[in-house]
There are 2 protein chains.
Amino acid sequence: MQVVTTVRELQDYADAERAAGRRIALVPTMGALHAGHLTLVDEGRRRADRVVVSIFVNPTQFNDPKDLAAYPRTLEADLAACEKGGVDVVFAPEAPELYPDGAQTIVELTELAKPLCGRTRPGHFRGVATVVTKLLCAAKPHVAVFGEKDWQQLTVVRRMVDDLSFDVDVIGCETVREPDGLALSSRNAYLGKAERAAAPVLQRSLTAGADAIATGERDPARVLDLMTKLIDAEPLASLDYMAVVDAKTLAAVDPLAGELRLLGAARFGKARLIDNVGATAR
Amino acid sequence: MQVVTTVRELQDYADAERAAGRRIALVPTMGALHAGHLTLVDEGRRRADRVVVSIFVNPTQFNDPKDLAAYPRTLEADLAACEKGGVDVVFAPEAPELYPDGAQTIVELTELAKPLCGRTRPGHFRGVATVVTKLLCAAKPHVAVFGEKDWQQLTVVRRMVDDLSFDVDVIGCETVREPDGLALSSRNAYLGKAERAAAPVLQRSLTAGADAIATGERDPARVLDLMTKLIDAEPLASLDYMAVVDAKTLAAVDPLAGELRLLGAARFGKARLIDNVGATAR
């Protein structure tokens, strides 16, 4: 496994692999790798000959400097996990490599970045779209693999890749969960014992909303009410938002119809957790 | 010469040429090709094995819908000129190919897009940066060639390519001029006979400013005053702006020092013309 820190090295690697007719998968991460990330690596390997994992805690997607400072950084363990997972190249740049002196170019989605997490975290998806653009230019992948846990991020990236004509397939992978349903997340490390015990309420409430739709509920307000009440009943949970929207456009749907996504965010102590599940209303 | 209209065709062409070890030059244009564009094609051929010319009147870089509607469209003559100029591929998409339904991703430069033409044409450089990003993703060139006549555009594109880590060399080509100094421009077609006779005052005033710097003037206000007075003395010219700035950052410099650029824009009847010249203050 190679570890490279400059865009130039990564582009040279990509050019050589492409010239040899090999396909490249990119798995963008912020490190603090867990089993969820490793399923992205496995998916990359299924779809390409080479897997590149980027590890970069992207400053521009943190709207809160304290959140950025506290974000877990575990590079040695991450490299060991990548090696074990059969990763070919880890791209681990320092911030000035992706944001050189005077850098000022932003990539922004005027609609998809606004609702849900965009409301609570202004600028977050601008940071995501900007850094993913840089990573796609640096790694020149055929395939880019993202987790479905950040559904809005996945939606933003898909739209951005289509809009900008990047020649890359964006693949979403199912969220990996603990046995009690909690989605794996690097931020779960912030949870105290009682908060950890309370946190699965987020997935339970989303699933309850999806179950209501599956059994015929078509009023989004009633689904929202159901989900919100379950979160409110948990004293250690502080609601950020719950929503049921079109899975692709993230727009409100009333009455509920088509491919839907139920999404939520809540705080448990210092940890702000997000999750989502799918539902279909025919 | 091939003419392609879809991003997919162009990407397939680029992949095949790259796989064969050939280098690609992209010359982005809005059509209405003149001798200035053909020097860009020549430069592309010197630096690459294949030359791709894009012809696309990009709607998002027109802040004025009347300007967009009136912009000269001369595709047949353009194709003949490209064929004669030894172009390998013309990419001539319809607008929905680059701006599909629901497209919403913008690329923006937070500083370089603001002054000069950015002040008079709000949103112009956002449109330029966005469409150039798309064209780079579609044509996958090794080299992209732009004219120096749009100096601010060239500066914006260079910065954007660096910031987003596009693996492409941006080449600027010297402005081609009529014998009386007027820069070639597709918009010169709008000039009436008297306006055409008056228009070289723009280059004359910029050159007078550069001459003043060459002979020791270091006060930007005096250079500006000199240039502005020359424009004001021409009854058919209506001044938009004149400026002397750092050639790379487009920032004000006082006292004048280093690599400078003198830029101006003025209206002659229906035509808004721009031009610029360089100067060095040591």
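All of the points below concern the structure found in this document.

What counts, and at which threshold
Residues numbered from 1 in each chain as written. Chains lettered and ligands numbered in written order. Predicted model: local features only at pLDDT ≥ 70, side-chain atom pairs only at ≥ 80, totals over all residues. Helix = DSSP H or I, 4+ residues; strand = E, 2+ residues; numbered from the N terminus. Buried ≥ 20, exposed ≤ 12 C-beta atoms within 10 Å, placed from the backbone. Contact = placed C-beta atoms within 7 Å. Expected span 1.5 Å × (residues − 1). Pairing = 2+ DSSP bridges. Axes fitted to C-alpha atoms, helices over the stretch in contact; angles between N-to-C directions. Least-squares fit on C-alpha atoms with pLDDT ≥ 70 in both. Parallel < 35°, antiparallel > 145°, perpendicular 65-115°, else oblique. Left-handed = near helix turned anticlockwise from the far one by under 90°. Nonpolar A, V, L, I, M, F, W, Y, C, P; charged D, E, K, R; others polar.

## Quick word on the environment of T29 of chain B
Residues and elements named next belong to chain B. Looking at where T29 falls in the secondary structure, it is placed in strand β2 (residues 24-29). For T29, a count of 23 C-beta atoms within 10 Å puts it in the buried group. For the pair T29 and T5, spaced 24 residues apart in the sequence, the C-alpha separation amounts to 15 Å. Beyond its immediate chain neighbours, meaning those up to four positions away, T29 contacts H37, V53, S54 and I55.

## Details of helix α2 (residues 35-47) of chain B
Each α-helix winds once per 3.6 residues, and so residues spaced three or four apart point in a common direction. Residues and elements named next belong to chain B. Helix length check: α2 (13 residues) gives 19 Å between terminal C-alpha atoms against 18 Å at 1.5 Å per residue, within 8%. For α2, every residue scored as buried is listed here: G36, H37, L38, L40, V41, E43 and G44. Close packing links the buried residues of α2 with β2, β3 (50-55), α4 (75-84), β6 (143-147) and β7 (169-173).

## A short note on the sheet that holds strand β1 (residues 2-4) of chain A
Residue and element names in this part refer to chain A. If you walk across this open sheet you meet the 6 strands as β1-β4-β3-β2-β6-β7, and the pairing is parallel. Two strands lie at the open edges of the sheet, namely β1 and β7 (169-173), each paired on one side alone. Taken over all neighbouring pairs, the strand axes of this sheet differ in orientation by 25° on average, direction set aside. Sheet strands touched by helix α1 (residues 7-19): β1, β2 (24-29), β3 (50-55) and β4 (89-91). Its angle to β1, the strand with the most contacts, is close to 135°. In the packing of helix α7 (residues 124-139) onto the sheet, contacts are made with β2, β3, β4 and β6 (143-147), and the angle to β2 comes to roughly 150°.

## With respect to the relation of the copies chain B and chain A
The two copies are related by a screw motion: chain B maps onto chain A through a turn of 180° and a shift of 0.0 Å along the axis, at an RMSD of 0.0 Å. A rotation of that kind, with that shift, is consistent with a two-fold axis. Looking at the rotation axis and the C-alpha trace of chain B, the residue lying nearest is V107 of chain B, at 2.3 Å. Comparing interface residues between copies, 100% of those in chain B also lie at the interface in chain A; the contact surface is shared.

## Thoughts on the packing of helix α10 (residues 201-214) of chain A against helix α11 (residues 220-232) of chain A
Residue and element names in this part refer to chain A. Interhelical geometry of α10 versus α11 gives an angle of 155° and a closest axis separation of 9 Å. Taken as axis vectors, α10 and α11 run roughly antiparallel relative to one another. Between α10 and α11 lies a crossing whose hand is right-handed. Where α10 abuts α11, its residues V201, R204, S205, L206, A208, G209, A212 and I213 lie against V223, L226, M227, L230 and I231. Taken together, the residues of the contact of α10 with α11 break down into 10 nonpolar, 2 polar and 1 charged.

## Topic: the sheet that holds strand β10 (residues 271-281) of chain A
Residues and elements named next belong to chain A. Sheet architecture is open: 3 strands sit in the order β8-β9-β10, paired in antiparallel fashion. The strands lining the two open edges of the sheet, one partner per strand, are β8 (238-246) and β10. Along the sheet, successive strands turn relative to each other by an average axial angle of 15°, direction set aside. Bridge count for strand β9 (residues 258-268) against β10 is 11 bridges, and the pairing is antiparallel. Paired with L263 across the two strands is N276, which belongs to β10.

## Description of the environment of E148 of chain A
Residue placement: E148 of chain A occurs in the loop between β6 and α8 (151-164). Once the C-alpha coordinates of E148 of chain A and G172 of chain A are considered, the two residues, 24 residues apart in sequence, prove to be 5.6 Å apart.

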